[in-house]
Amino acid sequence: MGAWSGLTAVVTGASGGIGEQLAVQLASGGARVAIVARRRDELERVASRCREAQRAAGTFGDAAGEAVVVIPCDVSERAQCERMVAEAVRRLGKLDVLVHNAGQGMWSRVDDVQDLSVYETMLRVNYLSVVWLTCAALPHLQATKGRILGVGSLSGKIGVPLRSGYAAAKHAMTGFLDSLRIEVKAAGISVTMIHPGFVATGSQARNLGADGQVLGQMPRKVGGMSAAVCATMLLDAGHARRRDVVPSFRAKLALWLRLVVPDYVDASTARAIMGKP
Ligand SMILES: NC(=O)c1ccc[n+]([C@@H]2O[C@H](COP(=O)([O-])OP(=O)(O)OC[C@H]3O[C@@H](n4cnc5c(N)ncnc54)[C@H](OP(=O)(O)O)[C@@H]3O)[C@@H](O)[C@H]2O)c1
């Protein structure tokens, strides 16, 4: 029996990157999953991987609902978020795990931004979606004493140049989920976040630039941990109902140093992002 056997999960941003890994690993662990993003063709590809993982796992515990559910949804729209949660619960039969992973980055200096709607997009995709989805899902998670998992970012803990709107939205997401954790503890619901630095998904090429359009290519060569390892770390912590994970020693050190020598952390963040002091 897998660690997630008998449980159901909704994973947003599951059409690629970290979300794909989260969905496949949950399915391997025996969960039934609803996978959510805008690109249906990519979701169908991930759904096949999830079904294969479930077959390999051998069982998914109760069979009261569908094993893999594909739900195209733009999480930047409140009505779509609410409809998606209702559909997921109807087709899965219940909801045990809500994974907030969908995200969209930006890459531009503040004084270069020509299209200020970039900031609104950052908030809608990275923060408001988390509020809308959580509020729609809470009654169902109360019934199962469920889990909320969130893919935050190191940018949700410290300021990062060229990423002001993204960092602001990830700070908001972190503040919301940290506050929610305290409120829902008595109901038996846990809230777990991961705060990675760079993860090797190529997502920076999908960042919005100064003109509000997707960059289309990597703005800078960045390394980072693998999406599979990031997903495993979040799922392990979420399963154990731990509060959060900062996945690398370097990131942990940065958070600690920021309390004592914040200017030093600013300078090394500038070097990491812009390649200069
Ligand atoms: N990669 C990194 O370096 C890194 C570091 C720290 C944190 N993170 C966070 O990790 C999460 C996943 O990132 P990733 O690297 O896997 O990025 P990715 O490969 O670009 O995947 C992003 C996912 O989010 C979905 N998405 C984006 N906008 C959406 C919208 N409006 N509605 C529904 N789904 C949407 C995308 O699907 P569709 O395009 O099909 O909608 C895709 O499945 C994000 O929250 C990101 O902020 C990433």
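Throughout what follows, the structure given in this document is the object of discussion. Every chain's residues receive numbers from 1 upward, in the order its sequence appears when written. Where totals are concerned, whole chains, interfaces and linings use all residues; where local detail is concerned, this predicted model gives features only for residues with pLDDT of at least 70, and gives and counts side-chain atom pairs only at 80 or more. To obtain the side-chain values, all non-hydrogen atoms of the structure were used and water was disregarded.

**What about the site of the ligand?**
We call a residue near a molecule or strand whenever a single non-hydrogen atom of that residue lies within 4 Å of it. What surrounds the ligand is a group of 29 residues, the closest being Arg-38, Asn-101, Tyr-166, Val-199 and Thr-201. Under the rule applied, a polar contact is a pair of N or O atoms within 3.5 Å (in protein, one hydrogen donor and one hydrogen acceptor; residues adjacent in sequence only if both atoms are side-chain atoms). Tyr-166 is positioned with one of its side-chain polar atoms (N or O) 2.6 Å from an oxygen atom of the ligand. Taking Ser-203, its side chain carries an N or O atom lying 3.2 Å from a nitrogen atom of the ligand. Here a helix means four or more residues in a row that DSSP labels H or I, a strand means two or more in a row labelled E, and each is numbered from the N terminus. Looking at the shell around the ligand, the elements with two or more residues in it are α1 (17-28) and α5 (164-184). Amino acid classes used here: Ala, Val, Leu, Ile, Met, Phe, Trp, Tyr, Cys and Pro are nonpolar; Asp, Glu, Lys and Arg are charged; the rest, including Gly, are polar. Residue composition of the shell around the ligand, by class: twelve nonpolar, twelve polar and five charged.

**Observations regarding the sheet that holds strand β6 (residues 190-194)**
One requirement defines pairing of two strands: DSSP has to find at least two bridges between them. Taken in spatial order, the seven strands make up an open sheet running β3-β2-β1-β4-β5-β6-β7, and their pairing is parallel. Two strands lie at the open edges of the sheet, namely β3 (68-72) and β7 (244-245), each paired on one side alone. Here helix α2 (residues 40-57) sits on the sheet in contact with β2 (32-37) and β3, set at roughly 165° to β3. Residue contacts are counted whenever heavy atoms from the two residues lie within 4.5 Å of one another. The axes used here are C-alpha line fits, helices contributing only the stretch in contact, and every angle between their N-to-C directions lies in the interval 0 to 180 degrees.

**Some points on the packing of aromatic side chains**
Pairing of aromatic rings covers Phe, Tyr and Trp, the last through its six-membered ring, and needs centres within 6.5 Å; plane angles under 30 degrees mean stacked, over 60 mean edge-to-face, and all others mean tilted. All chains considered together, the criterion is met by one aromatic pair. Taking 6.4 Å as the distance between ring centres and 75° as the angle between the ring planes, the aromatic pair formed by Tyr-127 and Phe-176 counts as edge-to-face. With Tyr-127 in helix α4 (residues 117-144) and Phe-176 in helix α5, this pair connects stretches of sequence that are 49 residues apart. In this structure Tyr-127 comes out as partly exposed when scored by relative accessible area, which is 22%. Only Lys NZ and Arg CZ are tested; either one counts as a charge over a ring when it is within 6 Å of the ring centre and within 35 degrees of the ring normal. Here the basic side chain of Arg-163 rests over the ring of Tyr-166, its NZ or CZ set 4.6 Å away from the ring centre. Residue burial is assigned from relative accessible area. The probe radius is 1.4 Å, only protein chains are included, and a residue is buried under 20% of its type maximum, exposed over 50%, and partly exposed in between.

**What to know about a nonpolar patch on the surface**
A patch is a set of surface residues, each over 30% in relative accessible area and not in a salt bridge, joined within 9 Å for like charges and within 5 Å for the nonpolar side chains Val, Leu, Ile, Met, Phe, Trp and Tyr. A 1.4 Å probe and the Shrake-Rupley method give the accessible areas. Residues count as covered only by the protein chains that appear here. Whenever Lys or Arg places a side-chain nitrogen within 4 Å of a carboxyl oxygen from Asp or Glu, that contact is recorded as a salt bridge. A contiguous nonpolar surface patch, about 800 Å² in accessible area, is contributed by Phe-249, Leu-253, Trp-256, Leu-259, Val-260, Val-261 and Tyr-264. Among the elements that make up the nonpolar patch, the one with the highest residue count is helix α7 (residues 249-260) (five residues). Tracing the sequence through the fold places Phe-249 in helix α7. Judged by relative accessible area, Phe-249 falls into the exposed class, the value being 65%.

**Some remarks on the pattern of salt bridges**
Note on pairing: side chains with opposite charge can pair once their charged atoms come close. One pass over the full model with this rule turns up 13 salt bridges. With a closest N to O distance of 2.8 Å, Arg-45 and Glu-42 form a salt bridge. Linking Arg-45 with Glu-42, this pair stays in helix α2, spanning three residues, or about one helical turn. We classify Glu-42 as partly exposed; its relative accessible area is 25%. With its nearest N and O atoms 2.9 Å apart, the salt bridge here joins Glu-82 to Arg-78. A residue pair is termed a helical-turn pair when its members lie 3 or 4 positions apart in one helix, as Glu-82 and Arg-78 do in helix α3 (residues 78-92) at four residues. Several salt bridges share partner residues, and in doing so they unite Glu-20, Glu-42, Arg-45 and Arg-49 into one network.

**Topic: the state of the cysteines**
A pair of sulfur atoms, both from cysteines and within 2.5 Å, is called a disulfide here. According to the stated counting rule, one finds zero disulfides in the structure shown. Left unpaired, Cys-81 is separated from the closest cysteine sulfur, that of Cys-73, by 4.9 Å. Among the cysteines around Cys-230, which has no disulfide bond, Cys-50 carries the closest sulfur, lying 17 Å off. Taking the relative accessible area as the measure of exposure, Cys-230 reaches 1% and is therefore buried.

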